[in-house]
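Observations on the three-dimensional arrangement
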Amino acid sequence: MAGKGNTRPLTDARIAVFCSGNGSNFEALVRKNRRSAFPGCIVLMVVDNPRAYAIERARRLGIPVLYVDPSPYENKQAYEKVLYEELRVWKIELILLAGFMRILSPFFVRKYKNRILNIHPSLLPSFKGASAIRDAFEYGVKVTGVTVHIVNEGVDEGPIVLQRALKISEDDNLDSLEARIHRLEHRIYAEAVNIVLSRSWKIVKGRKFVLCD
Ligand code: GRF
């Protein structure tokens, strides 16, 4: 899987999941991976926050955790170089961002071109940013949803692999909507990873994720 898309299905990929907080998507991904919902193997969790609850989940699931503290590095690229070297040691071929609260620079994104996925809790391009569920709810949209996309050099704007819509009902409050969005996320992230790893696809005009098989 290089350049514009994947030239061969990558069914034996070594996968790292990047987290900063709760880690519910990480846990759902690991459980689905173990039930063969997608090929490849999640072999590592990367965190930038030593207090992330995701670490406890990784410990329970027996997944090694790599904590790289960003604070000693003078800039983002210096930090990402160290991260990249670590990932090379682990032979990581696919990165899944799951609540990773750090924007990756073009340096890192180019190193893993078309090999980083992100999950975002809205129907992109609506409601980018860190408070998407709340923003959609407060805006009053009647339909929102979840997007899994390839990470490019922009923020929340790479080619879309999969989207699923969810109706907001009169009975929803922010808490119930968040819970419903998270349940949907836990289902579709694995589905999207399966598509990326087992199908042939390409990126058209830098924008559209298109299946070729
Ligand atoms: C999810 O809503 C995801 O869409 C967003 O960050 C949240 C992470 O939740 N990018 P969790 O840490 O996986 O529970």
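Scroll up a little and you will see the structure.
In this report, we go over the structure that sits alongside the text. (Residues numbered from 1 in each chain as written. Predicted model: local features only at pLDDT ≥ 70, side-chain atom pairs only at ≥ 80, totals over all residues. Heavy atoms only, no water.)

Looking now at the packing of aromatic side chains. Applying the stated criterion to the full structure yields 7 aromatic pairs. Their ring planes at 55° and their centres at 5.9 Å tell us that Tyr73 and Tyr79 sit as a pair that is tilted. With relative accessibility at 3%, the residue Tyr79 sits in the buried group. Ring centres of Tyr84 and Tyr112 lie 5.9 Å apart, and the angle between their planes is 80°; on these two criteria the pair is classed as edge-to-face. (Phe/Tyr/Trp six-rings, centres within 6.5 Å; stacked < 30°, edge-to-face > 60°. Buried < 20%, exposed > 50% of the residue type's maximum accessible area, 1.4 Å probe, protein only.)

A separate point is the sheet that holds strand β7 (residues 143-150). Strand order in the open sheet formed by 7 strands is β4-β3-β2-β5-β6-β7-β8, and the pairing between neighbours is mixed. Of all strands in the sheet, those with a lone pairing partner are β4 (65-67) and β8 (160-167), marking the two edges. The average undirected angle you get between the axes of adjacent strands in this sheet is 20°. Where strand β2 (residues 14-19) and strand β3 (residues 41-47) come together, 6 bridges link them in parallel fashion. Counted as the bridge partner of Cys19 is Val47 from β3. In this fold helix α1 (residues 24-34) packs onto β2, β3, β5 (94-97) and β6 (116-120), with an angle of close to 165° to the strand it touches most, β3. (Pairing = 2+ DSSP bridges. Helix = DSSP H or I, 4+ residues; strand = E, 2+ residues; numbered from the N terminus. Axes fitted to C-alpha atoms, helices over the stretch in contact; angles between N-to-C directions. Contact = heavy atoms within 4.5 Å.)

This brings us to the nonpolar core. The nonpolar side chains of a soluble globular protein tend to be buried with one another. If you look at the biggest cluster of nonpolar residues, it comprises 49 residues, and the most contacted ones within it are Phe26, Leu29, Leu96, Leu117, Val161, Tyr189 and Val193. At 12 residues, helix α6 (residues 174-198) tops the list of elements feeding residues into this core. Excluding anything up to four places from it in sequence, Phe26 contacts Val17, Cys19, Met45, Ala54, Arg57, Ala58, Leu61, Ile63 and Ala98. (Core = buried A, V, L, I, M, F, W, Y, C linked by side-chain atoms within 4.5 Å.)

The environment of the ligand is formed by Asn22, Gly23, Ser24, Asn25, Gly99, Ile119, His120, Pro121, His182 and Glu185. At 2.8 Å, a backbone N or O of Gly23 approaches an oxygen atom of the ligand. Here an oxygen atom of the ligand and a side-chain polar atom of Glu185 are 2.2 Å apart. Considered on its own, the ligand offers 360 Å² of accessible surface; in the complex 84% of this is hidden by protein. Elements with a minimum of two residues in the shell around the ligand: α1, β6 and α6. Split into classes, the residues belonging to the shell around the ligand amount to 2 nonpolar, 7 polar and 1 charged. (Near = heavy atom within 4 Å. Polar contact = N/O pair within 3.5 Å; in protein donor to acceptor, adjacent residues only side chain to side chain. Areas by Shrake-Rupley, 256 points an atom, 1.4 Å probe, with all protein chains shown as cover. Nonpolar A, V, L, I, M, F, W, Y, C, P; charged D, E, K, R; others polar.)

This part covers the packing of α1 against helix α2 (residues 53-61). The geometry of α1 relative to α2 is characterised by a closest axis approach of 9 Å and an angle of 20° between their N-to-C directions. With respect to α2, the axis of α1 lies roughly parallel. Between α1 and α2 lies a crossing of right-handed hand. The segment α1 lies against α2, with Ser24, Phe26, Glu27, Val30, Arg31 and Arg34 engaging Ala54, Arg57, Ala58, Arg60 and Leu61. Tallied by class, residues from the contact of α1 with α2 come to 5 nonpolar, 1 polar and 5 charged. (Parallel < 35°, antiparallel > 145°, perpendicular 65-115°, else oblique. Left-handed = near helix turned anticlockwise from the far one by under 90°.)

Looking at the secondary structure, you find Asp156 in the loop between β7 and β8. Lacking a salt bridge, the buried Asp156 has Lys128 as its closest oppositely charged neighbour, with an N-O distance of 7.2 Å. At a separation of 2.9 Å, a polar atom in the side chain of Asp156 contacts the main-chain amide nitrogen of Gly129. Once residues lying within four places of it in the same chain are set aside, the contact partners of Asp156 are Asn118, His120, Leu124, Lys128, Gly129 and His149. (Lys, Arg positive; Asp, Glu negative; His and termini not counted. Salt bridge = Lys/Arg side-chain N within 4 Å of Asp/Glu carboxyl O.)

Before going further, it helps to examine the packing of α1 against α6. It is at 9 Å that the axes of α1 and α6 come closest, and there the two elements cross at 55°. One way to sum up the angle between α1 and α6 is to call them oblique. Crossing angle aside, the handedness with which α1 passes α6 is right-handed. Between α1 and α6, the contacting residues are Ser24, Asn25, Ala28, Leu29 and Lys32 on the first element and Glu185, His186, Arg187, Tyr189, Ala190 and Val193 on the second. A breakdown of the residues in the contact of α1 with α6 according to their chemical character gives 5 nonpolar, 3 polar and 3 charged.

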